[in-house]
Amino acid sequence: MIRTYHPQDLDTVLSIWLQGNLDAHPFVSADYWRRNYPLTAQLLPQAEVYVAEVHGQVVGFIGLMEEWVAGVFVARAHRGAGLGSALLRKAQERRDRLCLSVYQENPSALHLYLRHQFAITAAERDPETGAWAYQMDWSRG
């Protein structure tokens with residue numbers, strides 16, 4: 001089930017965010033993600049967030065800031081079950097246009113976005129991590 005984020009989801013969502021970044025981005029220093037944890041905790045409640053629940057437990061989320069997809073994260077034990085796609089479909093239902101950035105070295109996320117009709121519009125080096133990222137856009141056809 002996909003539902004709107006509630007403030008009591010914050011600790012679980014942040015845990016999924018941190019573990020997801022550590023798992024998906026081994027090419028970025030783990031300290032980078034840990035340093036950004038407090039900022040994420042501050043910004044997340046300001047975003048439009050939807051969570052995926054399985055048996056009443058939050059196991060994934062998507063964060064939107066206007067048209068920007070700030071991230072799609074699914075807990076390790078639930079990856080590959082279609083929850084990332086369900087969360088992305090929810091965002092596509094809510095917006096006519098979406099954009100995001102995804103690291104080139106994160107093939108699972110890149111393939112997810114390509115399956116959902118996002119197009120690569122640019123590539124640039126992330127000044128904070130030094131890793132290359134694609135800018136991607138989607139719009140309702």
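Structure's up top.
Criteria and thresholds
Residues numbered from 1 in each chain as written. Predicted model: local features only at pLDDT ≥ 70, side-chain atom pairs only at ≥ 80, totals over all residues. Heavy atoms only, no water. Buried < 20%, exposed > 50% of the residue type's maximum accessible area, 1.4 Å probe, protein only. Helix = DSSP H or I, 4+ residues; strand = E, 2+ residues; numbered from the N terminus. Arc of directions from axis to C-beta. Contact = heavy atoms within 4.5 Å. Core = buried A, V, L, I, M, F, W, Y, C linked by side-chain atoms within 4.5 Å. Phe/Tyr/Trp six-rings, centres within 6.5 Å; stacked < 30°, edge-to-face > 60°. Pairing = 2+ DSSP bridges.

(A) Inspection of helix H4 (residues 107–115) at higher detail. Every buried residue of H4 is listed here: Ala109, Leu110, Leu112 and Tyr113. The buried side chains of H4 occupy one side of the element, clustering within an arc of 160 degrees when seen end-on. What points out from H4, more than 90 degrees from its buried face, is the exposed set Ser108 and Arg115. Residues of H4 that are buried in the fold lie against strand S4 (68–74), helix H3 (83–94), strand S5 (97–103), strand S6 (119–125) and strand S7 (132–139). Just downstream of H4 lies Gln117, where phi reads positive at about 70 degrees.

(B) Here's a closer look at the environment of His116. Take His116: it is sitting in the loop between H4 and S6. Judged by its relative accessible area of 11%, His116 falls in the buried class. In this structure the C-alpha to C-alpha distance between His116 and Leu14, which are 102 residues apart in sequence, comes to 25 Å. If near-sequence neighbours (up to four positions away) are discounted, His116 is found in contact with Ser85, Leu88, Arg89, Gln92 and Trp138.

(C) Seen up close, the nonpolar core. By size, the foremost hydrophobic cluster in this structure holds 22 residues, and its most contacted members are Ile62, Val72, Tyr113 and Phe118. Those elements that place two or more of their residues in this core are strand S2 (48–54), strand S3 (57–65), S4, H3, S5, H4 and S7. Membership of the second largest hydrophobic core comes to 18 residues, among which are Tyr5, Leu18, Trp33 and Leu44.

(D) Quick peek at the packing of aromatic side chains. Under the counting rule described, the total for this entry stands at seven aromatic pairs. Centroid distance Trp17 to Trp33: 6.1 Å. Interplanar angle 80 degrees. Geometry classified as edge-to-face. With Trp17 in helix H1 (residues 10–24) and Trp33 in helix H2 (residues 30–43), this pair connects stretches of sequence that are 16 residues apart. Of the two residues, Trp17 and Trp33, neither departs from the other in class, the shared state being buried. Members of the aromatic cluster, joined through ring pairs, are Trp17, Tyr32, Trp33 and Tyr37.

(E) Structural detail: the pairing of S4. Burial runs high along S4: five of the seven residues are buried. In terms of strand pairing, S3 meets S4 through six bridges, oriented antiparallel. Residue pairing for S4: Ile62 is matched across the bridge by Val72. Counting the residues between successive antiparallel strands, the hairpin from S3 to S4 contains two residues, one of them, Glu66, with a positive phi of roughly 60 degrees.

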